[in-house]
Amino acid sequence: MCPSFIYPVEVDTRLTIFFASTCLALIFNAVGAWWAYKGLRKTSDRIKEQVDSLTRDGGTREWLENMAAATVRAAELTTAAKAEIQAFEPTLIRAQEGLEDRLATVDHACERVCGVLTSSMDLGGVAAQTGFRFLRGLFSGARVASTIVKMARAR
């Protein structure tokens, strides 16, 4: 037998504690499983009632058939629209190529105007500050549009 300072509690007491905790775990697991069963049974009963009510109603079948037909039509329309856009793409590329020079001109003009407004902002005019903010927005928009055109041409 081991010395009492290593195992201060008797072995019988430890076994009793082990068996009691095992029993409690089994009881909690059984209660949890039973609770889950009851909850799932109620849920399945509700789903069954809803499905039964849908199958009894003749309008539901008609509605489902209409939805299936609408889905098929939507797929056809999407395919047709995609084909139209692909057919129109060369025209868009030509338009973007024609506008690239104009966008560069607008970009350069905006830079010059922003430079003038920056120098006039030293005077502290509220109108100059507002105009600068407005043109700075236009300038960034022209730069973005120019970048988009360049990316389209790279394709």
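All of these numbers come straight from a predicted model, not from anything done at the bench. (Residues numbered from 1 in each chain as written. Predicted model: local features only at pLDDT ≥ 70, side-chain atom pairs only at ≥ 80, totals over all residues. Heavy atoms only, no water.)

**Overview of the overall build of the protein**
Then, number 1: Helix and strand counts for the protein come out as three helices and zero strands.
Then, number 2: In sequence order, the protein lays out its α and β elements as α-α-α.
Then, number 3: Here the protein holds 155 residues, and the buried ones make up 8% of them.
Then, number 4: Contacts spanning at least 24 positions in sequence make up 52% of the contacts within the protein whose residues lie at least 6 apart.
Then, number 5: Accessible surface, the protein: about 13000 Å² in total, of which carbon and sulfur atoms supply 66%. (Helix = DSSP H or I, 4+ residues; strand = E, 2+ residues; numbered from the N terminus. Buried < 20%, exposed > 50% of the residue type's maximum accessible area, 1.4 Å probe, protein only. Contact = heavy atoms within 4.5 Å. Areas by Shrake-Rupley, 256 points an atom, 1.4 Å probe, with all protein chains shown as cover.)

**Here we look at a nonpolar patch on the surface**
Then, number 1: Together, Leu 24, Ile 27, Phe 28 and Val 31 make up an exposed nonpolar region whose accessible area comes to about 420 Å².
Then, number 2: Checked against the element boundaries, Ile 27 lands in helix H1 (residues 11-56). (Patch = residues over 30% accessible without salt bridge, like charges linked within 9 Å, V, L, I, M, F, W, Y side chains within 5 Å. Salt bridge = Lys/Arg side-chain N within 4 Å of Asp/Glu carboxyl O.)

**Notes on the pattern of salt bridges**
Then, number 1: Here the structure, examined in full by the defined rule, presents two salt bridges.
Then, number 2: With a closest N to O distance of 3.7 Å, Lys 48 and Asp 52 form a salt bridge. Remark: Asp 52 and Lys 48 occur in helix H1; sequence separation between them is four residues, near one turn of the helix.
Then, number 3: Taking relative accessible area as the criterion, Asp 52 reaches 29% and is therefore assigned partly exposed.
Then, number 4: Ionic pairing is found between Glu 76 and Arg 73, a salt bridge with its closest N-O pair at 3.5 Å. One end of the pair, Glu 76, and the other, Arg 73, are both in helix H2 (residues 58-121), three residues apart, so they sit about a helical turn from each other.
Then, number 5: With relative accessibility at 43%, the residue Glu 76 sits in the partly exposed group.

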